[in-house]
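Residue strings, one per chain:
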Amino acid sequence: MHILSEENNDKNVQTKLRSVQMNIFWFIVIILTTIIASVVITAISISNNQERAVNVGTDTRTEFAKLYSVYDTLTENYYEDVDSDALIESSIKGMVEGLEDPYSEYMNIDETGEFEESITGDFEGIGAEVMQEGSKIIISSPMKGSPAEQAGIEPGDQILAVDGESLEGMTTTEAVQLIRGEKGTDVVLTIQRGGGSPSDIAITRDTIHIDSVTYEKVDGVGHISVNRFQQGTTDEFSKFIDQAAEDDVKELIVDFRYNPGGLLNEAVTLINQFIEPDTAALYLEDNTGAQQEIVTESEKNPNTESFDEVYILINEGSASASEVFAGALDDLTDVTIAGTTSFGKGVVQRTSEFKDNSMLKYTNTKWLTPDKTWVQDEGIAPDIELINPDYYRIQLLTEDEVFAEGQTNEKVLSIKVALDELGYDITKFDDNFDAGLTQAVTAYQTDKNLEADGIVTGETTTGMLSDIREQINDNDAQLNYLIDYINGDMSIKEIEQKARDNAPHIPPVIEDEQNLNNDEENEEE
């Protein structure tokens, strides 16, 4: 029994082992079948629908479903090979352009490099700040001493084309890539000024090194020009404040004309030169209306106390960080602002750089002065209005255009204004090329050893414009007006009237005429 019982037990154990082996076999078969089925189903799905762009995204972010669908449709069905990276880049650009914000843009790797060059102060180009207004590329400010300024480019000029290539539909970054180039090469900008007819302006590119701050002493008055807010601007400014104090000047002019702005932190530290620490320099307001106070952090420069009066000189090319500084000192001190109304840029941009070194620059806040004034589209109005003379605003003339007696053309007035400033007798200021103008042109040509035919074209045009540009460079009208007032030669009323008297024929172009009003953006530097 015992033996029989052992035999029966052995048989039962063997039977159980065979059962376990059979179960493991079928388990493995089921697993393999499941895997194969999954592979087959996936393969069928891919063959029917191809690879989806981001299925997870369409499940969790339904607003992107159309975007993914368009991407998939183009990559699968377009009749030629598609550069998928180019589709993604252009879709990002289009998304940002949909903001219709002239200050927001997506920059690829090359464009990011150019942007970073511009804030360090060295690049090759013409030296002009551009922005986008609707579909237009607009000069916001030519830089002082730059090829653009020397060629007569003015704030508000619209760039229609570069070397004959239309800028319609381009972003500012794309336009800048066309405008920039190797030092010594020429670029032709097709410019429209106000309601005038387009003109081609040839400009020779150069290395643009922006000395962000310069200093001179003029008739006993200290004159510090801040040309741009870039890395190190405050350090440069502080040195010149110390120099002005050492020169024992009692009146100081801080000049922001044609300063398009730049780094906000540099503007705050520049304000701090005049303002005690822990003082609100400005406020940043986000899209919820929440406001962040930006305060000065350091001790102010004690040498700023050595000046009896501080004046800020601005014009229509003074924007952004320039207005932050002017607005802060206007609210916090008894500074006097002179010149013409500033540009009116009351928003701040932030940058986000991606792993591939591309960059998104976007507007993320408004900025407000310490008294919580928003300057957007309004600008900062001067306490002393100093309008530039007429010859600063003459129409763009090209050497290919021909002007002769008997013609009626809006540019004829500019020719008359230019020759009048150069000392030739003009008695009637209008759009008619009359006998008197012929005599003045002939006299100019004779003095310049040109063919004295009384016709304005070719060398006569280029010579006349060159002489006017030299006159502007040698005689800074607004600065001279202000210094005359500071030195007691004239009262505010008298100096403002003198400025108006010198601008009787070509009135200043207001913002609406320059298409600089952001409310008119239609979609867009």
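> Would you mind going over the sheet that holds strand S10 (residues 213–218) with me for this structure?
Across a sheet, strands are paired by hydrogen bonds formed along the backbone, either parallel or antiparallel in direction. Spatial ordering of the open sheet is given by S10-S11-S12-S15-S16-S19, a layout of six strands whose pairing is mixed. Single-partner strands in this sheet number two, and they are S10 and strand S19 (384–385). Sheet strands in contact with helix H8 (residues 233–246) are S10, strand S11 (221–226) and strand S12 (251–255), and its direction is about 15 degrees off that of S10.

> What is the right way to look at helix H9 (residues 264–272) in this model?
Residues of H9 that are buried include every one of Glu266, Ala267, Val268, Leu270, Ile271 and Asn272, and no others. Among the structural elements, S11, H8, strand S13 (280–285), strand S14 (291–295) and helix H10 (321–332) are those in contact with the buried residues of H9.

> Before we go on, may I ask you to explain the environment of Leu368 in this structure?
By the element assignment, Leu368 lies in strand S18 (residues 359–368). Separated by 76 residues in sequence, Leu368 and Gln292 place their C-alpha atoms 10.0 Å apart. Not counting the four nearest positions on each side in its chain, Leu368 is found in contact with Leu282, Tyr283, Glu285, Gln291, Thr373 and Trp374.

> Which parts of the structure should I look at to understand the pattern of salt bridges?
If charged atoms from side chains of opposite charge come close, those side chains can pair. The full count for this structure, using the stated rule, is 18 salt bridges. The salt bridge partner of Lys183 is Asp206, with a shortest N-O separation of 4.0 Å. Placement of Lys183 in the loop between helix H7 (172–179) and strand S7 (186–192) and of Asp206 in strand S9 (residues 206–209) is noted, with a sequence separation of 23 residues between them. With a closest N to O distance of 3.3 Å, Lys416 and Asp434 form a salt bridge. On the criterion of sequence distance, the pair formed by Lys416 in helix H11 (residues 410–421) and Asp434 in the loop between H11 and helix H12 (435–447) is long-range, its members being 18 residues apart. We classify Lys416 as buried; its relative accessible area is 1%. If you follow the salt bridges from partner to partner, you end up with Lys416, Lys428, Asp430 and Asp434 in one network.

> Where do I start with the packing of H11 against helix H13 (residues 458–474) in this structure?
In a pair of packed helices, the angle between the axes and the distance between the axes together describe the arrangement. Where H11 contacts H13, the axes come no closer than 10 Å and their chain directions differ by 55 degrees. With respect to H13, the axis of H11 lies oblique. Here H11 and H13 pass one another in a crossing that is left-handed. From H11, Ile415, Ala418, Leu419 and Glu421 reach across to H13, where they touch Met464, Ile468 and Gln471.

> I'm lost on unusual backbone geometry in this one. Help?
Negative phi characterises most residues that are not glycine, and trans characterises most peptide bonds. Even without being glycine, Ser320 reaches a positive phi, approximately 55 degrees. Counting through the fold element by element, Ser320 comes out in the loop between strand S15 (309–314) and H10. Judged by its relative accessible area of 11%, Ser320 is buried. Notably, Asn449 is not glycine yet its phi reads approximately 60 degrees, a positive angle. Within the secondary structure, Asn449 is located in the loop between H12 and H13. A relative accessible area of 71% places Asn449 in the exposed class.

> Where do I start with the nonpolar core in this structure?
Counting 39 residues, the largest nonpolar core has Ile253, Ile415, Leu419, Leu437, Met464 and Leu482 as the members making the most contacts within it. Elements with a minimum of two residues in this core: S15, H11, H12, H13, helix H14 (477–486) and helix H15 (492–501). Once residues lying within four places of it in the same chain are set aside, the contact partners of Leu482 are Ile253, Tyr311, Leu313, Ala338 and Leu386. If you look at the next biggest cluster of nonpolar residues, it comprises 38 residues, including Tyr215, Phe274, Val324 and Ile380.

> Looking at this model, I keep getting lost on the side chain of Thr233. Mind explaining?
For Thr233, the position within the fold is in helix H8. Among the residues examined, Thr233 registers a relative accessible area of 0% and is labelled buried.

> How should the pairing of strand S4 (residues 136–142) be read in this particular structure?
Looking down a regular strand, the side chains alternate between one sheet face and the other. Where burial is concerned, most of S4 is hidden: six out of the seven residues are buried. Note: strand S3 (residues 128–133) against S4, six bridges, orientation antiparallel. Counted as the bridge partner of Val130 is Ile139 from S4. In the sheet, S4 pairs with strand S5 (residues 158–162) via two bridges, with the strands oriented antiparallel.

So, how was this worked out
- Residues numbered from 1 in each chain as written.
- Predicted model: local features only at pLDDT ≥ 70, side-chain atom pairs only at ≥ 80, totals over all residues.
- Heavy atoms only, no water.
- Pairing = 2+ DSSP bridges.
- Helix = DSSP H or I, 4+ residues; strand = E, 2+ residues; numbered from the N terminus.
- Contact = heavy atoms within 4.5 Å.
- Axes fitted to C-alpha atoms, helices over the stretch in contact; angles between N-to-C directions.
- Buried < 20%, exposed > 50% of the residue type's maximum accessible area, 1.4 Å probe, protein only.
- Salt bridge = Lys/Arg side-chain N within 4 Å of Asp/Glu carboxyl O.
- Parallel < 35°, antiparallel > 145°, perpendicular 65-115°, else oblique.
- Left-handed = near helix turned anticlockwise from the far one by under 90°.
- Core = buried A, V, L, I, M, F, W, Y, C linked by side-chain atoms within 4.5 Å.

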